[in-house]
Amino acid sequence: MTTSAPSFRALKDEALQALHSANDDAAIEAWRIEWLGRQDGRITAILRSVREQPQEVRATFGAGANELKAALETALEGKREALRRAALQSLATAEALDVTLPGRKRPLGRLHPVTQTMRDCLAAFAEMGFRTVEGPEVEWAYYNFDAARIPEDHPARDMWDTIWVDTFIDGQRKMLLRTHTTPNQVRVMERSEPPIRVVVPGKCYRQEATDATHEWMLTQIEGLAVDEGVRMSDLKGTLYGFARRLFGNDRRIIFHHSYFPFVEPGVEMAIDCFICRGAGAECRTCHGTGWIEILGAGMVHPEIIENAGYDSSRYTGFAFGMGVERVALLRWGIEDIRHFYQNDLRFLSQF
Ligand code: DAH
């Protein structure tokens, strides 16, 4: 068989054409075997036939055949490379991960406004040396009432419509959800020695018709200081420091006489209205009085000091109790206490 140089070109076109339309590994392999296969490849057959060519064309024929073989090998390599690239490309597209996307923000929680206020109050007292301790929410009637000088027939027991625990001891209900944090005065005194300076935060419960300023659950902070020589002026100084710390440095305070069975004398403390500054007869916060009541306080009754096992001629003390919700209402100008426990994020996320 003799093959001239131009027919090498035709063969090359035919081979490249075929290679062009081979589009997967199997087709390419079939193409390789057809053209470059060691046994029966078409180019291999041509190379084998070089020796049979007439002397005068043998060299040109051989060179042409080798050139053709090299060209096809290069084309094969190129085709394989192109396929690898295409495969990588489609993998990259399929598994694309856009690292330039901004991360998704997780919603951050925050402390409930009453918890924030409670912590701020406790921090103000901590600066004045008051340690925070806690007491039980389910309380004995003894600590909640009797030890605080509120006897069985005392009107204060009616005033606080108590939520009793339905367990009878000696035919009587003796446990309740505490109506105030005051029982911790005796609890703390019983287990420690003077000097005492503590604040006791906690939830309290009363059977109350709820309205804008009353909830059946409320949070209180009880304060107690007992030592030799504790006086009314210490109480005033402490509460004054607290009021300024929470409501601003130019706050003024006033004490009115009041009655609580566990203190003598008893007072209610008010701060000057920082909403109208005493000028608004129509002010909803102070009702035109210029003063806002914020807590009850007084000198611990000597009987309570004695009941705790201390000598009341040696030790005196002061106590105070405040509603944390009320402090929160005032500091943020919130009009209804019931917002606090409705769990409405539109309200809660404002603080
Ligand atoms: N326990 C009182 C209440 O719930 C508040 C109170 C008043 C506490 C005077 C005190 C105090 O310690 O001295 O209304």
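Look a little higher up for the structure.
These lines cover the structure that appears in this document, whether it is placed above or below. (Residues numbered from 1 in each chain as written. Predicted model: local features only at pLDDT ≥ 70, side-chain atom pairs only at ≥ 80, totals over all residues. Heavy atoms only, no water.)

### Thoughts on the nonpolar core
The following threshold applies: Side-chain atoms within 4.5 Å are what join buried Ala, Val, Leu, Ile, Met, Phe, Trp, Tyr and Cys residues into a set we call a nonpolar core. Each residue is placed in one exposure class: buried if its accessible area under a 1.4 Å probe, protein chains only, is under 20% of its type's maximum, exposed if it is over 50%, and partly exposed if it falls in between. Contact between two residues is taken to exist if any of their heavy atoms lie within 4.5 Å; hydrogens are not considered.
Ranked by internal contacts, the top residues of the largest apolar core, which has 45 residues, are Leu239, Ile294, Phe320 and Met322. Look past the residues within four positions of Phe320 in its chain and what remains in contact with it is Phe125, Val199, Ile221, Glu222, Gly223, Leu235, Leu239, Leu295, Gly296 and Ala297. Within the second largest apolar cluster, 25 residues are counted, among which are Ala147, Val200, Val226 and Val263.

### Some points on the site of the ligand
Short version of the rule: Here a residue counts as near a molecule or strand whenever at least one of its heavy atoms sits within 4 Å of it. Counting of polar contacts relies on pairs of N or O atoms within 3.5 Å, with two restrictions inside protein: one atom must be capable of donating a hydrogen and the other of accepting it, and residues adjacent in sequence are counted only when both atoms are side-chain atoms. Using the Shrake-Rupley algorithm and a 1.4 Å probe, accessible areas are obtained, with residue cover drawn only from the displayed protein chains. Secondary structure follows DSSP: runs of H or I at least 4 residues long count as helices, runs of E at least 2 residues long count as strands, and numbering of each begins at the N terminus. Charged means Asp, Glu, Lys or Arg here, nonpolar means Ala, Val, Leu, Ile, Met, Phe, Trp, Tyr, Cys or Pro, and polar covers whatever is left, Gly included.
As a structural note, the neighbourhood of the ligand is formed by 16 residues, with His180, Thr182, Arg206, Gln220 and Glu222 the closest of them. A distance of 2.8 Å separates a nitrogen atom of the ligand from a polar side-chain atom of Thr182. For the ligand, an oxygen atom lies 3.3 Å from a polar atom in the backbone of Ala319. Look at the ligand: alone it shows 350 Å² of surface, and the protein chains cover 91% of it. Only strand E7 (217-228), strand E10 (291-300) and strand E11 (315-323) provide two or more residues apiece to the shell around the ligand. Its residues assigned to classes, the shell around the ligand shows seven nonpolar, seven polar and two charged.

### As for unusual backbone geometry
Cis peptide bonds are those with omega within 30 degrees of zero, and the linkage from Pro194 to Pro195 qualifies with 0 degrees. Here Pro195 lies in the loop between helix H8 (183-191) and strand E6 (196-205). Between Glu264 and Pro265 the backbone carries a cis peptide bond, its omega angle lying at -5 degrees. Residue placement: Pro265 occurs in strand E9 (residues 263-272). With a phi close to 65 degrees, Arg149 is a non-glycine residue in the positive phi region. Its place among the elements puts Arg149 in the loop between helix H6 (141-144) and helix H7 (155-159).

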